[in-house]
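# Summary of structural features
Here is how the chains run, residue by residue.
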Amino acid sequence: MTVDDTTSGEGAEPPSEPSVHATPHHEVDHTVEPTDDPLAIRLEQLILGADRRYTPFQAARTAGVSMDLASRFWRAMGFADIGQAKALTEADVLALRRLAGLVEAGLLSEPMAIQVARSTGQTTARLAEWQIDSFLEGLTEPPEPGMTRTEVTYPLIELLLPELEEFLVYVWRRQLAAATGRVVQAADDDEMVDRRLAVGFADLVGFTRLTRRLEEEELGELVEAFETTSADLVAAHGGRLIKTLGDEVLFAADDAGTAAEIALRLIEAMAQDETMPALRVGIAFGTVTTRMGDVFGTTVNLASRLTSIAPKDAVLVDGAFAKELTRTGDAPASEAQAAEEVAAHAERARLAEKEGRVVEDAPPLPTYRFGLQPMWQRPVRGLGVVEPWLLARRGKTGS
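Bear in mind the structure is a predicted one, so any value in this text is a computation, not a measurement.

## Topic: the pattern of salt bridges
With the rule as written, the count across this model stands at 14 salt bridges. With a closest N to O distance of 2.6 Å, E261 and R265 form a salt bridge. With E261 and R265 both in helix α10 (residues 256-271), this residue pair falls four residues apart, about one helical turn. Residue classification places E261 among the buried residues on the basis of a relative accessible area of 10%.

## Observations concerning the packing of aromatic side chains
Taken as a whole, this structure holds two aromatic pairs when the rule is applied. Seen from their ring centres, F167 and Y170 are 6.0 Å apart, and the 40° between their planes marks the pair as tilted. One end of the pair is F167 and the other is Y170, both in helix α6 (residues 149-184) and three residues apart, which spans about a single turn. Positioned above the aromatic ring of Y154, the side-chain terminus of R42 is 4.1 Å from the ring centre.

## A word on the environment of D318
Mapped onto the secondary structure, D318 falls in the loop between β6 (314-317) and α12 (319-327). Taking C-alpha positions, D318 is 7.7 Å from L306, a pair spaced twelve residues apart along the chain. Setting aside residues no more than four positions away along its own chain, D318 makes contact with I283, A284, F285, L302, L306 and W389. A polar side-chain atom of D318 sits 3.0 Å from the main-chain amide nitrogen of F321.

## Comments concerning the side chain of E324
Among the structural elements, E324 can be located in helix α12. Among the polar contacts listed, one links the side chain of E324 to the side chain of R327, at a separation of 2.7 Å. For E324, the residues in contact, after removing those within four places along its chain, are A256 and F285.

## A closer look at the confidence of the model for the protein chain
Averaged over every residue, the pLDDT of the protein chain is 80; residues scoring 70 or more account for 75%. Mean pLDDT across the secondary structure elements of the protein chain bottoms out at helix α7 (residues 189-193), with 52, and peaks at β6, with 96. Throughout residues 2-32 the model reports pLDDT below 50, and contacts reaching past four residues in sequence, or to other chains, amount to 58 contacts.

## What to know about the packing of helix α3 (residues 67-76) against helix α4 (residues 90-104)
In contact at an axis separation of 11 Å, α3 and α4 are set at 105° when each is read in the N-to-C sense. The angle between the axes of α3 and α4 places the two elements in the roughly perpendicular class. Only D92, L96, L99 and A100 of α4 make contact with α3, whose side of the interface consists of A70, F73 and W74. Class assignment of the residues belonging to the contact of α3 with α4 gives a composition of six nonpolar, no polar and one charged.

## Structural notes on α10
In this model α10 runs 23 Å from its N-terminal to its C-terminal C-alpha over 16 residues, within 8% of the 22 Å that 1.5 Å per residue would give. Counting buried positions along α10 gives twelve out of 16 residues, so the element sits mostly inside the fold. Within the sequence span of α10, burial applies to A256, G257, T258, A259, A260, E261, I262, A263, L264, L266, I267 and M270. By the N-cap criterion, in which a side-chain oxygen at the helix start approaches the backbone nitrogen of a residue two or three places on, α10 is capped by D255, the distance to G257 being 3.2 Å.

## So, the pairing of strand β4 (residues 279-291)
Relative to β6, β4 runs parallel, the two being bridged by four bridges. Bridging across to β6, G282 finds its partner in L316. The sheet contact formed by β4 and strand β5 (residues 294-296) spans three bridges and is antiparallel. By the bridge assignment for β5, T289 is matched with F296.

## Structural notes on the side chain of S230
Structurally, the position occupied by S230 is in helix α9 (residues 216-236). Within polar-contact distance, the side chain of S230 engages the backbone oxygen of F226 at 2.8 Å. With sequence-adjacent residues up to four places away left out, S230 is seen in contact with V249, L266 and M270.

## Here's the deal with a negative patch on the surface
On the surface, a cluster of negative charge is contributed by E215, E216, E217, E218, E221 and E224. Checked against the element boundaries, E224 lands in helix α9.

## A few points about the packing of α10 against α12
As a packed pair, α10 and α12 sit with axes 9 Å apart at the nearest point and diverge in direction by 110°. Considering their axes alone, α10 and α12 lie roughly perpendicular with respect to each other. Taking contact as the criterion, the partners of A256, G257, A259 and A260 in α10 are, on α12, F321, E324 and L325. Among the residues making up the contact of α10 with α12, the classes are represented as five nonpolar, one polar and one charged.

## A short note on helix α1 (residues 38-48)
Those residues of α1 not exposed but buried are L39, L43 and L46. The buried residues of α1 all sit within an arc of 60° when viewed along its axis, so they share a single face. Residue G49 follows α1 closely and has a positive phi angle near 75°.

What counts and how
- Residues numbered from 1 in each chain as written.
- Predicted model: local features only at pLDDT ≥ 70, side-chain atom pairs only at ≥ 80, totals over all residues.
- Heavy atoms only, no water.
- Salt bridge = Lys/Arg side-chain N within 4 Å of Asp/Glu carboxyl O.
- Helix = DSSP H or I, 4+ residues; strand = E, 2+ residues; numbered from the N terminus.
- Buried < 20%, exposed > 50% of the residue type's maximum accessible area, 1.4 Å probe, protein only.
- Phe/Tyr/Trp six-rings, centres within 6.5 Å; stacked < 30°, edge-to-face > 60°.
- Lys NZ or Arg CZ within 6 Å of the ring centre and 35° of its normal.
- Contact = heavy atoms within 4.5 Å.
- Polar contact = N/O pair within 3.5 Å; in protein donor to acceptor, adjacent residues only side chain to side chain.
- pLDDT = per-residue confidence, 0-100.
- Axes fitted to C-alpha atoms, helices over the stretch in contact; angles between N-to-C directions.
- Parallel < 35°, antiparallel > 145°, perpendicular 65-115°, else oblique.
- Nonpolar A, V, L, I, M, F, W, Y, C, P; charged D, E, K, R; others polar.
- Expected span 1.5 Å × (residues − 1).
- Pairing = 2+ DSSP bridges.
- Patch = residues over 30% accessible without salt bridge, like charges linked within 9 Å, V, L, I, M, F, W, Y side chains within 5 Å.
- Areas by Shrake-Rupley, 256 points an atom, 1.4 Å probe, with all protein chains shown as cover.
- Lys, Arg positive; Asp, Glu negative; His and termini not counted.
- Charge placed at Lys NZ, Arg CZ, Asp CG, Glu CD.
- Arc of directions from axis to C-beta.

Dropping the structure here:
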């Protein structure tokens, strides 16, 4: 769609002024330029479930939406301008009508509706690219000599499409239910937007050197294995994978104990794989702003800085994270405190035995999952002086 489209004929509306909402450079330019290729047209009709009927102007007019707003919706979803091509379907009209209807009903503001279109477009664009590049491409290898890929693609998509569509909706509903549950449990309205979370980065050490040594296919397999292992561990232990950046993953958790467990399991899992380089993790705890599934703020920046200075196969955390682990009883305030607790417990047990009481009558020895070791203070650009803590796994106090 483009904002300066015009059309002739009765009832035509004057074109709107060019929109200032240019497609941001980071968006996927998922073009829908019309094609005359017969198979491409058939595949498009199969996937979209409708024939091309409208130009952008006609679609906007049919939906009862201004051309300017229709163009902004279209671009927000990640699609290129298509001029006056008749390339849109009834589904495009319905989508415009629904978004505009949410705005008219006061359920969404116009900027929020644009944001809904943008976040959905970016997420599904990545999914679609992956399915074509890694999934469908492999499945559509011609099974017999002489067969072309195009002869296999159509019937395969015809079979897969309804199943993948239902699975996509199922996963989205599950994720929406989980996200809604987290939000409604927030302590107050402000915390629904700016929440206190543990945020962690896990980074492969020496990845740049690996890119020069490994073949592209080997590098791709390594990155895929790292991302898959990380995603599985984060999800299995109650965290959320925010995004992957090739040699780095960003995750978040509602509490420090969960984040600590994830971080150490990531280190342990990568250490057991001889094909993987060393891993380092940095975690910070504090207020985080969430937008479009991503996280922002000083806490995120601090976690990133901690990762960059963490030793190989180690986890560094900030003071707020260490304090939170102590508050929840997941770690002792210090090893000296833990030693005192062991000594006190042993003394209580000795006295109980001397007095003929059952030893189990003595208060139980505190059990800590993690240990914290203060590290050197150092200045961090933009964040002042920080004192990292080295996080480690531990069993029962004194073990």
